[in-house]
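Given next are the chains, with one letter for each unit.
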Amino acid sequence: MQRTNQAQLIKQMSNREITKHLVYTQLILFVLAFILSLILFESFFFDWITLFHLSVHEWLYYGILPAVCVLLVDFVLMAYMPQRYYDDGGINEKVFKSQPVTKIIWLTLLIACSEELLFRGVIQTEFGYLIASFIFAIIHFRYLTKVVLFFSVVCVSFLIGYMYELTHSLPVTITTHFMIDFILALAIRIRK
C-alpha cells in the first residue's frame, strides 16, 4: 500500500519538483553535517581540514578504482537482470533523464559532497564505520522493497565506509560516490 502511494505521488510530480526536493534534501544533509560538526568536533576548522588531505595514490587506488568496480558490477547486473529489480519507482529517471550533462554533474556532485560530509566526515569520524554505513543505507529507504537495489546500496555504503577507514580522506570517498552516481545518472540520460 505504502509503495503504491509513493509510486502514484512520484507519477504526479514533475521532473522539476522531484529535482527540487532532491536538492533541498541534500542541502539539509549539508547543514546537518555543519551543525553536528560544530557540536561534535573538538576543533571545527582543524578537524575538517584534516579530513580533506589528499594523496594522489590513495585517490586513484581507493577513490577511482572502487568506483569503476562498482559500476562494472552494476552494469553487468543491469544487463542480465529484469529492469524491475533496478526500478526505484521512477525517481532517478525523472531527475536525470532530461537534464543537461552539466546539471547532472552539479546534482551528483552535490549528492556526493553532502552525503559524504555527513556520513563519513561527521558520523563515521565520531561514531564509527558500522553506524555510519548502516545509517547511510537506511536513509535510502525507498530501496527497501527492491532487494537488488537495497543490497547494492548496502554494499556500496560499506565499501565507501571501508575506503574512508583506510584513508580518512573525504576527497577519496566523495570521488567514489560522485563517479558512481554520475555514471549511473548519465546512463539514465543516454537510455532515454
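Residues numbered from 1 in each chain as written. Predicted model: local features only at pLDDT ≥ 70, side-chain atom pairs only at ≥ 80, totals over all residues. Heavy atoms only, no water.

J.: Please clarify how the overall build of the chain should be interpreted in this entry.
T.: When helices and strands are tallied, the chain shows nine helices and zero strands. When the elements of the chain are put in sequence order from the N terminus, they spell out α-α-α-α-α-α-α-α-α. Relative to the 2.2 N^0.38 estimate, which gives 16 Å for 192 residues, the radius of gyration of the chain is 17 Å and therefore close to what a compact globule would have. Taking the principal axes of the C-alpha coordinates as reference, the chain spans close to 45 × 30 × 30 Å. Counting only residues that meet the buried cut, the chain has 42% of its 192 residues in that class. Just so you have it, the chain exposes about 10,900 Å², and 71% of that area is on carbon and sulfur atoms. Averaging the coordinates of the 14 positive side-chain charges in the chain and doing the same for the 13 negative ones gives two points 17 Å apart. (Helix = DSSP H or I, 4+ residues; strand = E, 2+ residues; numbered from the N terminus. Rg over C-alpha atoms; globule rule 2.2 N^0.38 Å. Buried < 20%, exposed > 50% of the residue type's maximum accessible area, 1.4 Å probe, protein only. Areas by Shrake-Rupley, 256 points an atom, 1.4 Å probe, with all protein chains shown as cover. Lys, Arg positive; Asp, Glu negative; His and termini not counted. Charge placed at Lys NZ, Arg CZ, Asp CG, Glu CD.)

J.: Whenever I open this one, the environment of Gln 26 confuses me. Can you help?
T.: Within the secondary structure, Gln 26 sits in helix α2 (residues 15-40). Taking the C-alpha atoms as reference points, Gln 26 and Ser 114, 88 residues apart in sequence, are found 5.9 Å from one another.

J.: I tried to follow the packing of aromatic side chains on my own but got confused; where do I start?
T.: Here the distance between the centres and the angle between the planes together describe a pair of aromatic rings. The final tally for this structure, using the stated rule, is nine aromatic pairs. Ring centres of Phe 44 and Phe 45 lie 5.0 Å apart, and the angle between their planes is 85°; this geometry places the pair in the edge-to-face category. Ring geometry for Trp 48 versus Phe 52: centroids 6.4 Å apart, planes at 45°, classification tilted. For Trp 48, a relative accessible area of 13% puts it in the buried group. Of the aromatic side chains, those joined through ring pairs into one cluster are Phe 34, Phe 44 and Phe 45. The positively charged end of Arg 84 is found above the aromatic ring belonging to Tyr 85, 5.0 Å away from the centroid. Seen from the ring of Phe 136, Arg 120 lies directly overhead, with NZ or CZ sitting 5.2 Å from the centre. (Phe/Tyr/Trp six-rings, centres within 6.5 Å; stacked < 30°, edge-to-face > 60°. Lys NZ or Arg CZ within 6 Å of the ring centre and 35° of its normal.)

J.: I would appreciate a short explanation of helix α6 (residues 101-127) in the present structure.
T.: Three- or four-residue spacings in an α-helix give side chains the same orientation, since the helix completes a turn every 3.6 residues. Helix length check: α6, at 27 residues, gives a terminal C-alpha distance of 36 Å against a target of 39 Å (1.5 Å per residue), a fit within 8%. The axis of α6 is deflected most strongly, by about 35°, at Glu 116. Count one or two residues on from α6 and you reach Gly 128, which has phi positive near 105°. (Expected span 1.5 Å × (residues − 1). Bend = angle between axes of the 7 residues up to and from the residue.)

J.: Where do I start with the packing of helix α8 (residues 147-167) against helix α9 (residues 170-191) in this structure?
T.: Relative orientation and spacing of two packed helices are given, respectively, by the angle between their axes and the distance between those axes. As a packed pair, α8 and α9 sit with axes 8 Å apart at the nearest point and diverge in direction by 155°. Taken together, α8 and α9 sit at an angle that is classed as roughly antiparallel. Crossing hand, α8 versus α9: right-handed. Contact residues: α8 offers Val 156, Ile 160, Tyr 164 and Thr 167, while α9 offers Leu 170, Val 172, Thr 173, Thr 176, His 177 and Ile 180. Split into classes, the residues belonging to the contact of α8 with α9 amount to six nonpolar, four polar and no charged. (Axes fitted to C-alpha atoms, helices over the stretch in contact; angles between N-to-C directions. Parallel < 35°, antiparallel > 145°, perpendicular 65-115°, else oblique. Left-handed = near helix turned anticlockwise from the far one by under 90°. Contact = heavy atoms within 4.5 Å. Nonpolar A, V, L, I, M, F, W, Y, C, P; charged D, E, K, R; others polar.)

J.: How should helix α7 (residues 129-139) be read in this particular structure?
T.: Three or more residues of α7 are buried, namely Ala 132, Ser 133, Phe 136 and Ala 137. All buried residues of α7 fall inside an arc of 130° around its axis, so they share one side. Exposed residues lying more than 90 degrees from the buried face of α7 are Leu 130 and Ile 138. Against α6, α8 and α9 lie the buried residues of α7. (Arc of directions from axis to C-beta.)

J.: Got a minute to help me understand unusual backbone geometry in this structure?
T.: Backbone geometry follows two general trends: most residues other than glycine have a negative phi, and most peptide bonds adopt the trans configuration. The phi dihedral of His 168 falls on the positive side, at around 50°, and the residue is not glycine. Within the secondary structure, His 168 is located in the loop between α8 and α9.

J.: Sorry if this is basic, but what is going on with the environment of Val 154 here?
T.: Along the polypeptide, Val 154 turns up in helix α8. Val 154 sits 108 residues away from Phe 46 along the chain, and the two C-alpha atoms are 31 Å apart.

J.: Help me understand a nonpolar patch on the surface, please; the structure alone is not making it clear to me.
T.: A cluster of nonpolar residues, Phe 30, Val 31, Phe 34, Ile 35, Leu 38 and Ile 39, forms a patch on the protein surface that exposes about 570 Å² of accessible area. Note on placement: Ile 35 falls in helix α2. Assessed through its relative accessible area of 40%, Ile 35 is described here as partly exposed. (Patch = residues over 30% accessible without salt bridge, like charges linked within 9 Å, V, L, I, M, F, W, Y side chains within 5 Å. Salt bridge = Lys/Arg side-chain N within 4 Å of Asp/Glu carboxyl O.)

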